[in-house]
Amino acid sequence: MTLQITLQIIYLIASVTFILGLKFLGNPSTARKGNLIAAFGMGIAIFGTIFLYTDANGHHLKNLPLIFGGLAVGTVIGWLAAKKVQMTAMPEMVSLFNGMGGACAMLISIIEFQHIQSTFAEPMAIAALLIPGASAALKGRLLIILLGMIIGSISFSGSMIAYGKLSGKVKDKSFGFQQFINIGLLAVILAFTWMAMMGESNQEFWFYLVLALSLLYGILFVMPIGGADMPVVISLLNSFTGVAAAFGGFLYDNKVMLVGGILVGSAGTLLTIVMCKAMNRSLLNVLIGNFGGGGKAAAASSSAGFEGAIKEVNASDTAILMKYAKKVIIVPGYGLAVAQAQHVVHELETLLESEGVEVKYAIHPVAGRMPGHMNVLLAESNVSYDKLVEMEEINPEFATTDVVLVVGANDVVNPAAKTDPSSPIYGMPILDVEAAAHVIVNKRSMKAGYAGIENELFYKPKTSMLFGDAKKALNQLVSEIKALG
Amino acid sequence: MLSFINEHLQLIYLIVLMVFVGIELIGHVPSVLHTPLMSGANAIHGVVIIGSIIVMGEATHTISLVLGFLAVVLGTLNVVGGFVVTDRMLEMFKKKK
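This structure is a prediction, so every number in the text was calculated from the model and none was measured.

Engineer: Where do I start with the overall build of chain A in this structure?
Structural biologist: A tally of helices and strands in chain A yields 19 helices and six strands. Taking all 485 residues of chain A together, 54% fall into the buried category. If you sum the accessible surface of chain A, you get close to 19500 Å²; carbon and sulfur atoms cover 66% of it.

Engineer: Any chance you could explain a nonpolar patch on the surface here in plain terms?
Structural biologist: Residue and element names in this part refer to chain B. A surface patch of nonpolar side chains, amounting to about 540 Å² of accessible area, comprises Leu2, Ile5, Leu9, Tyr13 and Leu17. Contributions of two or more residues to the nonpolar patch are made by helix H1 (2–7) and helix H2 (9–26). Top contributing element to the nonpolar patch by residue count: H2, with three residues. Here leucine 2 falls in the exposed class, since its relative accessible area comes to 72%.

Engineer: Explain helix H1 (residues 2–25) of chain A here, please?
Structural biologist: Helical geometry note: an α-helix holds 3.6 residues per turn, so side chains three or four residues apart project in the same direction. Spanning 24 residues, H1 of chain A covers 34 Å between terminal C-alpha atoms, matching the ideal 34 Å at 1.5 Å per step. Considered for burial, the residues of H1 of chain A that qualify are Leu7, Ile10, Tyr11, Ala14, Ser15, Thr17, Phe18, Gly21, Leu22 and Leu25 of chain A.

Engineer: Help me understand the interface of chain B and chain A, please; the structure alone is not making it clear to me.
Structural biologist: The figure often quoted for interface size is the accessible area lost as the parts come together. With 81 residues of chain B at the interface, the matching set in chain A holds 100 residues. Carbon and sulfur atoms make up 79% of the area that chain B and chain A hide from each other, which totals about 8300 Å². There are one salt bridge connecting chain B and chain A. Of the charged contacts in the structure, one is a salt bridge between arginine 32 of chain A and aspartate 87 of chain B, with a shortest N-O distance of 2.9 Å. Inspection of the chain B/chain A interface yields 13 residue pairs in polar contact (both at pLDDT 80 or more). Looking at the side of chain B that touches chain A, the elements with two or more residues in it are H2, helix H3 (34–44), helix H4 (49–58) and helix H5 (62–94) of chain B. Among the elements that make up the side of chain B that touches chain A, the one with the highest residue count is H5 of chain B (31 residues). Per-class residue counts for the side of chain B that touches chain A are 49 nonpolar, 25 polar and seven charged.

Engineer: Explanation requested: unusual backbone geometry in the structure shown.
Structural biologist: Glycine aside, residues mostly have negative phi angles, and peptide bonds mostly take the trans form. Residue and element names in this part refer to chain A. A positive phi angle is found at asparagine 63, which is not glycine, with a value near 60 degrees. With respect to the element layout, asparagine 63 can be found in the loop between helix H2 (31–52) and helix H3 (64–84). Residue classification places asparagine 63 among the partly exposed residues on the basis of a relative accessible area of 21%. Within the chain, asparagine 382 stands out as a residue other than glycine whose phi angle is a positive 70 degrees. Inspection of the secondary structure assignment puts asparagine 382 in the loop between helix H16 (373–380) and strand S3 (388–390).

Criteria and cut-off values
Residues numbered from 1 in each chain as written. Chains lettered and ligands numbered in written order. Predicted model: local features only at pLDDT ≥ 70, side-chain atom pairs only at ≥ 80, totals over all residues. Heavy atoms only, no water. Helix = DSSP H or I, 4+ residues; strand = E, 2+ residues; numbered from the N terminus. Buried < 20%, exposed > 50% of the residue type's maximum accessible area, 1.4 Å probe, protein only. Areas by Shrake-Rupley, 256 points an atom, 1.4 Å probe, with all protein chains shown as cover. Patch = residues over 30% accessible without salt bridge, like charges linked within 9 Å, V, L, I, M, F, W, Y side chains within 5 Å. Salt bridge = Lys/Arg side-chain N within 4 Å of Asp/Glu carboxyl O. Expected span 1.5 Å × (residues − 1). Contact = heavy atoms within 4.5 Å. Buried area = accessible area lost by both parts, 1.4 Å probe. Polar contact = N/O pair within 3.5 Å; in protein donor to acceptor, adjacent residues only side chain to side chain. Nonpolar A, V, L, I, M, F, W, Y, C, P; charged D, E, K, R; others polar.

Here it is, written out as structure tokens:
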């Protein structure tokens, strides 16, 4: 009894650390502490469960060596993966870990289902079912198991696809009526869930069918969504896994699982909506919009209409332009992350500052692959926090800027978002780089951005293209400026 | 249905309250912190590992032992990987003092 109460108190403390952790994570100065607090709470909840948990008959947990073995394997792999991953690959990593959580919830449901099936087979259990209410309670338990499994497996397979897309292993794919097929599939899953729960026979068959269809649904759900929208999808799947964990909490009457799961479920859903707002799109639009497919079609039709020619510029001319400018704004994008150019861009910034040029960074809320991606990356190379200016603040400043250097960004500076209602990114707020005197765009090639659409900005008279890998081009720029003395 | 609600009233209260707490917590977070916050929340739902430990500790059949072991490994990946990745992201913010 004392053990039970001690464990409950540990769970209570852990729940509080989760709430405090999320609270602190919302503020730059306390964020790191918040993460550590939540990690501490998780640690005591895990070890408390291992040593103090007892079932209804007062038995302690068995198989401790195997449990510790699993913990050890997971810790080593998780730790190494998290430590080794490049900052640029962070989004994929989060998606991968999220999928692991979903798979964990899925497996728990499968085991619990098998457990129910095997106890069902005993004559004693069937006799117990004749007690009024016992059958209803069993059905309730089955429903929770099923729902936990459905959400867990959708989150698992969806996260794997999101991971594949972000790391370039899986391409966007959509086919006609896909949205209807998805909705239909969801209806079928729910119908079969009913069969698995209420059916008198073949419960096992329906259960595993629901499992297979849920995994399929996760794949079909994420497949058509464009790569640029992946952060939103990962955030949504993140809250799914939270809900799956909460079902587990319901199943075991475990408060800490419930609190942790629901917190992430609700906070994650809100975070998803906030992210959509940053892109000025609705969640529904993201999920049904077929960003990737529609974008490519639009590109084909609109690219021919641009007037003007591409103007190329070399590093030495750019160097002169920047050195004698009063004010330079750098617009970083995913290209900067891919090329690992965060350090050299900081070098360029300090060099220009020493020449008396005012340098700022314009951070679009969705630059890179995740909101805040650029901030994390530039912070890594010691760029001062107050030099990173958010979109609303910096947009009026472009008019007084001599040179804008766009490094590997594309969609976030595409004027089509303002002018072309047929464009898939129409309505997304962009950085008004055109207001500046000169725009230098560093890109590897004329290839379209992540949304798959052409950018009229590149054809404007003010714009010059500095082709090449971001790291190489910026290095060249730095040495050219140094050579100017 | 009603008896189900009655039986789990405490848990249902907890769910409803936590939904509001979760919404309150994320209310006014600067977009800079969206990624670390998502990553931190990702680590927190790793709490599902508690379920896998309980399942594992009560397992007797070989198949549930195998699946349970896998669940513990995956859950640990979620927890450890999630917190370590988040810490790495935030470490970079901290340097900026």
